[in-house]
Structures are given as C-alpha cells and as structure tokens.
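Letter by letter, the chains look like this.
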Amino acid sequence: SQTIHQWPATLVQPVGSPLSLECTVEGTSNPNLYWYRQAAGRGLQLLFYSVGIGQISSEVPQNLSASRPQDRQFILSSKKLLLSDSGFYLCAWTMTGLLDGYTFGSGTRLTVV
Amino acid sequence: TQLLEQSPQFLSIQEGENLTVYCNSSSVFSSLQWYRQEPGEGPVLLVTVVTGGEVKKLKRLTFQFGDARKDSSLHITAAQPGDTGLYLCAGLKTSYDKVIFGPGTSLSVIP
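Residues numbered from 1 in each chain as written. Chains lettered and ligands numbered in written order. Predicted model: local features only at pLDDT ≥ 70, side-chain atom pairs only at ≥ 80, totals over all residues. Heavy atoms only, no water.

A word on the interface of chain A and chain B. The interface of chain A with chain B comprises 21 residues on the first partner and 24 residues on the second. Roughly 1,700 Å² is buried in total at the junction of chain A and chain B, and carbon and sulfur atoms are behind 61% of that figure. Taken together, chain A and chain B are joined by zero salt bridges. Applying the counting rule to chain A against chain B returns three residue pairs in polar contact (both at pLDDT 80 or more). (Contact = heavy atoms within 4.5 Å. Buried area = accessible area lost by both parts, 1.4 Å probe. Salt bridge = Lys/Arg side-chain N within 4 Å of Asp/Glu carboxyl O. Polar contact = N/O pair within 3.5 Å; in protein donor to acceptor, adjacent residues only side chain to side chain.)

Residues and elements named next belong to chain B. Examined against the element boundaries, Val21 turns out to sit in strand 3 (residues 19–24). C-alpha of Val21 to C-alpha of His75: the two residues are 54 residues apart in sequence and 6.5 Å apart in space. Beyond its immediate sequence surroundings of up to four residues, Val21 is in contact with Ser7, Pro8, Leu11, Trp34, Ser72, Ser73, Leu74 and Thr105. (Helix = DSSP H or I, 4+ residues; strand = E, 2+ residues; numbered from the N terminus.)

Residue and element names in this part refer to chain B. With antiparallel pairing, the five strands of this open sheet are ordered in space as 1-3-8-7-6. Each edge of the open sheet is held by one strand with a lone partner, namely strand 1 (5–7) and strand 6 (55–58). Neighbour-to-neighbour, the strand axes of this sheet turn through a mean angle of 15 degrees, independent of strand direction. (Pairing = 2+ DSSP bridges. Axes fitted to C-alpha atoms, helices over the stretch in contact; angles between N-to-C directions.)

Pro8(A) follows Trp7(A) through a cis peptide bond whose omega is 0 degrees. Within the element layout of this structure, Pro8(A) appears in the loop between strand 1 (3–7) and strand 2 (10–13). With an omega of -10 degrees, the peptide bond between Ser7(B) and Pro8(B) qualifies as cis. Assignment of secondary structure puts Pro8(B) in the loop between strand 1 and strand 2 (10–14). Phi is positive for Asn30(A), which is not a glycine, with a value near 55 degrees. Structurally, the position occupied by Asn30(A) is in the loop between strand 3 (19–26) and strand 4 (32–38). Phi at Arg69(B) takes a positive value of approximately 60 degrees, unusual for a residue other than glycine. Tracing the chain through its elements places Arg69(B) in the loop between strand 7 (61–65) and strand 8 (71–76). Note on Arg69(B): relative accessible area 30%, which makes it partly exposed. (Buried < 20%, exposed > 50% of the residue type's maximum accessible area, 1.4 Å probe, protein only.)

As structure tokens, this is what we get:
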C-alpha cells in the first residue's frame, strides 16, 4: 500500500533562519507531488507541484522553493524565513488524474519567531 | 478568479443533531470533492461527485452536487463527536487540473 511520510511534525525557527521540510512517498512510482500551506483552521493554498524529477511548478511568488531530487522525494526550502512563513505545511501525492483525490501527509506545523 | 465559499464558517452542535454545510461558487466545476481534516492532521478524502444532481451516501453522510455544478452540500444525520473536524470542499475544472479548495467549515459535535 502507498504511504506518505512528512517530517518534522513541528518546528520552531527564528526569523532569518533556513528551512528544509521533507516528504517521501512509498509504494508507488512517478507520483504527482504537491506542497500546500494552510493558515490556522482555514483552506489550503497550493505552493508547488511536481510531475517528475527536477520538474517544479510554482503557484505563488514567495520566500520558498521546492525541489524533487528523487522520484518519491519532495523538499520544501527557504534560505531565510519570514514571520509570514508560519503555518501548517502539507505534502500530498496523487497519480496522473485528480479524481481519486489527494493523499496528504500528516503535516508540519511551522512557527517562525 | 475561481473561488469556493463554504458556509457556515463554524458550527457547534449537540450529539444526535442533524446538520448541513454548503459549498458554493460562481464557477462550474467538472467534479467536486469533500475532505475532512482533524486537528494536527492532513485532510482525508471523503467523496468525489462528478455528475450534476448526483447524490452520494457514506453511512450518515449525504453529499449532493448541484444540477449546475456550481455548488454542493454535505448533510450529516445524527452527528457524533467523531464527526468533529474541518470539512473542506475542493473543485476540479478537469481531472488533470489543479484543485481549488474552499476555506472550510469547522464542525464541533458536543457529547
């Protein structure tokens, strides 16, 4: 069966520090991978998506970047965090079509102080 | 801009009551999904509706897709504390398009 792992679960970082969040998928190959951010108790904002190794599409201009160094690995990074980067970050995967819905990871709660 | 609105924003009810939450848009979607998210977790897909007027039932949950494919509703019968969570609707223009999420309805079922 397919599983998605996301870590760390919580993170407190000072303003100006770097960030690296990792997401890996098991049990499937060539998934579409996504990074979402969610403000407290609210809807999801798509940040990046990837349809293959090295292929990254950005949805929102911001302080963040994403990379896909391996087929089932998706990384969200920042060189210098801002207070506004605080939020709940979710990784998700799906196969080619979206009708089967996303499978989300358990998320990372990032607090920038 | 494609927007999905959800109402109510917050809902607190007693165990055993019935409730309906709504998802509305001015845009037409080819399909619509409902997710439930528990605190500190990622959303989990409940259902996908693809046909205008379609009704799907999942135990005590009934989902309906509007005839014009611009709106959807979720009805819960005899709510239980385990139904507590954030209910998100998500619209798809095509099966290969990106998903547009609504802001969610936060449901609290009090024992």
